[in-house]
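Observations on the model geometry
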Amino acid sequence: MPELAGRDLAAAEHLFGDRLDLARRYVDHLATSGLERGLIGPREVPRLWSRHVLNCAVIESEFPPGARVADVGSGAGLPGLCLAIARPDLHLTLIEPLERRVLWLEEVVADLGLGNVTVLRGRAEQVAGEVEAGFVTARAVSALSTLVPMTLPLLRGSGTLVAIKGRSAAEEVEKAAKAIRKFRGHSVDVHTVGESLLEEPTTVVRIDVGEA
């Protein structure tokens with residue numbers, strides 16, 4: 001089990017509160033069956049808390065109470081399951097095309113008793129008509145120029161994309177400008193969250209869709 005101590009422990013206590021034990025169980029799943037089934041690499045195990053779970057959980061501040069959020073290319077549940085644990089008021093739909101990942105996600109959701117999560121197998125472009133979401137999120141799926149056409153249609157003309165990105169976020173926004181316009185995206189904002197909690201804050205790209 002990856003160690004949780006010092007600044008990471010303080011951040012986890014702040015983000016998960018009385019659901020920290022659930023977060024620990026999720027990390028245990030990642031470090032065991034997640035590793036065995038190839039959802040994460042062996043090098044990631046020691047840094048599951050800092051680099052992955054806390055990095056994702058801090059974006060909970062981006063969503064209003066009761067929001068419906070679709071997580072595209074959910075994979076190991078990053079950020080979807082982190083958000084579901086940190087914010088039981090959110091309604092999460094985890095969208096994942098690969099069957100082995102879907103089965104793992106369903107097992108973890110059942111074991112943790114997360115009643116606010118639905119797992120949906122398919123590509124984002126295939127399930128656009130089945131998902132009701134005011135927000136869509138993604139992490140480590142693809143560059144924004146590819147991600148925008150994949151995610152914005154899920155919002156059905158109104159909502160917000162909250163994408164977790166790296167240091168090249170501003171550059172990606174520039175390259176995706178044409179796609180953003182095509183899918184009626186506006187008010188593009190690149191910012192960081194979690195400065196007071198994490199050693200390395202999380203970079204987020206927000207794109208609104210619909211009326212400006």
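Quick note: structure is the one above.
Residues numbered from 1 in each chain as written. Predicted model: local features only at pLDDT ≥ 70, side-chain atom pairs only at ≥ 80, totals over all residues. Heavy atoms only, no water.

**Description of the pairing of strand 7 (residues 202–209)**
- Most of strand 7 is tucked away, with six of its eight residues classed as buried.
- Here strand 5 (residues 159–165) pairs with strand 7 via seven bridges, running antiparallel. Within the sheet, the bridge partner assigned to Val 162 lies in strand 7 and is Arg 206.
- Judged from the seven bridges that link them, strand 6 (residues 185–193) and strand 7 form a sheet pairing that is antiparallel. From the neighbouring strand, Val 190 faces strand 7, where its bridge partner is Val 205. (Buried < 20%, exposed > 50% of the residue type's maximum accessible area, 1.4 Å probe, protein only. Helix = DSSP H or I, 4+ residues; strand = E, 2+ residues; numbered from the N terminus. Pairing = 2+ DSSP bridges.)

**Focus on the pairing of strand 3 (residues 117–121)**
- The sheet contact formed by strand 2 (residues 91–96) and strand 3 spans five bridges and is parallel. Across the sheet, Leu 94 pairs through a bridge with Val 119, a residue of strand 3.
- At this point the chain moves from strand 2, through helix 5 (residues 99–112), to the parallel strand 3, and the crossover so formed is right-handed. (Right-handed = clockwise from strand over helix to strand, strands pointing away.)

**Some thoughts on the packing of helix 1 (residues 6–16) against helix 3 (residues 48–57)**
- Where helix 1 contacts helix 3, the two axes come as close as 10 Å, and the packing angle between them is 25°. Between helix 1 and helix 3, the angle falls in the class roughly parallel. Here helix 1 runs over helix 3; the crossing is left-handed. In this structure, helix 1 contributes Asp 8, Ala 11, Ala 12, Leu 15 and Phe 16 to the contact, and helix 3 contributes Trp 49, Ser 50, Val 53, Leu 54 and Ala 57.
- Per-class residue counts for the contact of helix 1 with helix 3 are eight nonpolar, one polar and one charged. (Axes fitted to C-alpha atoms, helices over the stretch in contact; angles between N-to-C directions. Parallel < 35°, antiparallel > 145°, perpendicular 65-115°, else oblique. Left-handed = near helix turned anticlockwise from the far one by under 90°. Contact = heavy atoms within 4.5 Å. Nonpolar A, V, L, I, M, F, W, Y, C, P; charged D, E, K, R; others polar.)

**With respect to unusual backbone geometry**
- Omega for the bond connecting Leu 78 with Pro 79 falls within 30 degrees of zero, at 10°, which places this linkage in the cis form.
- Assignment of secondary structure puts Pro 79 in the loop between strand 1 (68–72) and helix 4 (80–86).
- Positioned with a positive phi, Arg 156 is a non-glycine residue whose angle comes to about 50°.
- When you line up the elements, Arg 156 lands in the loop between helix 7 (144–151) and strand 5.
- Here Arg 156 falls in the exposed class, since its relative accessible area comes to 53%.
- A positive phi is found at Arg 184, a non-glycine position, where the angle reads about 60°.
- Looking at where Arg 184 falls in the secondary structure, it is placed in the loop between helix 9 (177–182) and strand 6.

**Let's talk about the layout of surface pockets**
- If you add up the space inside the largest pocket, you get close to 1,000 Å³.
- As for the largest pocket, its lining consists of 40 residues, of which Arg 51, Asn 55, Arg 139, Ala 140 and Ile 164 are closest to the centre.
- At the level of elements, helix 1, helix 3, strand 2, helix 6 (124–127), strand 5 and strand 7 are the ones that each hand at least two residues to the lining of the largest pocket.
- Counting residues per element, the lining of the largest pocket draws most heavily on helix 3, which supplies four residues.
- Classifying every residue of the lining of the largest pocket gives 14 nonpolar, eleven polar and 15 charged. (1 Å grid on protein atoms, 1.4 Å probe; cavity = no way out; pocket = protein on both sides within 12 Å on 5 of 7 lines; lining within 4 Å. Points joined across faces, edges and corners; volume = space filled by probe spheres on them.)

**Describing helix 1**
- Where helix 1 is concerned, the buried positions are Ala 11, Ala 12, Leu 15 and Phe 16. The buried residues of helix 1 all sit within an arc of 105° when viewed along its axis, so they share a single face. Relative to its buried face, helix 1 has exposed residues pointing more than 90 degrees away, namely Gly 6 and His 14.
- Against the buried residues of helix 1 lie helix 2 (20–36), helix 3 and helix 4.
- Of the residues one or two after helix 1, Gly 17 is the one with positive phi, at around 55°. (Arc of directions from axis to C-beta.)

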